[in-house]
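Architecture at a glance
The primary structure of each chain is shown beneath.
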Amino acid sequence: MKLDETAESIRTMNIRGAGLIARSAAEALKELAEEYNGESLIEFTELLNKGRDTLVNSRPTAVSLWNAVQATLKNVKNAEDVTSLKEIVSRDADIFISNSKKAVETIGRIGANRIKDGDVVLTHCNSKAALSVIKTAYEQGKNISVYATESRPWKQGLLTVKDLSDAGIPVTMIVDSAVRWIMKEIDIAVVGADTICSNGALINKIGTSQIGLAAHEARVPMMVCAESYKFSPKTMEGEIVEIEERDTSEVAENLPPNVRIRNPVFDSTPAEYIDCIATEIGLISPYAAYEVIVNKLGHECLFETEG
Ligand SMILES: O=P(O)(O)OC[C@H]1O[C@H](OP(=O)(O)O)[C@H](O)[C@@H]1O
């Protein structure tokens, strides 16, 4: 798939889920590099930078996309010629993609340790990292069942219930507004992440903060499942994460013309509602987000887009 097609597929949500978006972006840059048949290092670098911008502008909220292109292009400056630049981008894309897949597996193993035999789990939207945790717990022989939210307006919950059902896990779908009513039956809420801020706040699918609030009220722990590239270095500089608002036709059509619709598709859950974050580098407190950004992602990535 050409880079422009990948960006368009991300925008239209044919490619979706923060981890898959990240891997697809790395793959698109790799293909762009491999297909370059010119001889100018400057022209090649400009092409890659343009590709990076096209990808990053396709969806604004999930920092996984930004971190993926940073990781793929971080050594561009070290290339001496066109051939070495191709090799560098191809290698760094492969490393990112491979580490990303391994991270989802590791998160499954670590997060599953927090799920007990007999637990009733609540999940939201369709997170590969959260599903890795739930499926690993089930594969460990734990007798669990799952409530999955519908996740309006895109109804990603339908993907989740199919996946869990295919794995043999008892699953019940509920509408998003049933979360607080059902919470009394829930032992643990397990959700994914699009972005985690330096203050530990979680940006995830719209409705996640209501789950956090209801779980907090009911003293039900909420575990976030997130690869380290879901943490945002940009928030360390005070950036406020842009919450994507998508086309209103996704919510409803043919309403009277004076009815306004809004379609924010992410929200922010404060750290105080989050029990723990299962990452590939361990189970951490949301208040350790700053350390993950500094130690795992590095300050360097903050400044690479400048100049
Ligand atoms: O990376 P994984 O864990 O698969 O998904 C993380 C998050 O990405 C999704 O966003 P969208 O459906 O692309 O808007 C959901 O918000 C999900 O929780």
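The protein chain appears in an unreviewed UniProt entry as Ribose 1,5-bisphosphate isomerase from Methanomassiliicoccus intestinalis. The protein chain has a UniProt comment under Catalytic activity (unreviewed entry) that states "alpha-D-ribose 1,5-bisphosphate = D-ribulose 1,5-bisphosphate".

A short note on the pairing of strand 4 (residues 188–191)
Alternating residues of strand 4 divide into Ile-188 and Val-190 and Ala-189 and Val-191, and every residue in both groups is buried. The pairing of strand 1 (residues 120–123) with strand 4 spans three bridges and is classified as parallel. Residue pairing for strand 4: Thr-123 is matched across the bridge by Val-190. Alignment of strand 4 against strand 7 (residues 222–225), held across three bridges, turns out to be parallel. Bridging from a neighbouring strand, Val-191 pairs with Val-224 of strand 7.

Some details on the packing of aromatic side chains
The description of two aromatic rings rests on the distance between their centres and on the angle between their planes. The tally for this structure, following the rule as stated, stands at two aromatic pairs. Between Tyr-36 and Phe-44, the ring centres sit 4.3 Å apart and the planes meet at 5 degrees, which makes this aromatic pair stacked. For the residue pair Tyr-36 and Phe-44, the accessibility class agrees, reading buried in each case. Each ring, one from Phe-96 and one from Tyr-229, has its centre 5.0 Å from the other, and the planes form 55 degrees; the classification is tilted. Taken together, the positions of Phe-96 in helix 5 (residues 82–112) and Tyr-229 in the loop between strand 7 and strand 8 (266–269) put the pair 133 residues apart, joining distant regions of the chain. Like Phe-96, the residue Tyr-229 is buried in the burial classification. Here the basic side chain of Lys-184 rests over the ring of Trp-181, its NZ or CZ set 3.2 Å away from the ring centre. We note Lys-205 situated over the ring of Phe-266; from NZ or CZ to the ring centre the distance is 4.5 Å.

What counts and what doesn't
Residues numbered from 1 in each chain as written. Predicted model: local features only at pLDDT ≥ 70, side-chain atom pairs only at ≥ 80, totals over all residues. Heavy atoms only, no water. UniProt positions renumbered as here; feature names shortened; annotations may be inferred. Buried < 20%, exposed > 50% of the residue type's maximum accessible area, 1.4 Å probe, protein only. Helix = DSSP H or I, 4+ residues; strand = E, 2+ residues; numbered from the N terminus. Pairing = 2+ DSSP bridges. Phe/Tyr/Trp six-rings, centres within 6.5 Å; stacked < 30°, edge-to-face > 60°. Lys NZ or Arg CZ within 6 Å of the ring centre and 35° of its normal.

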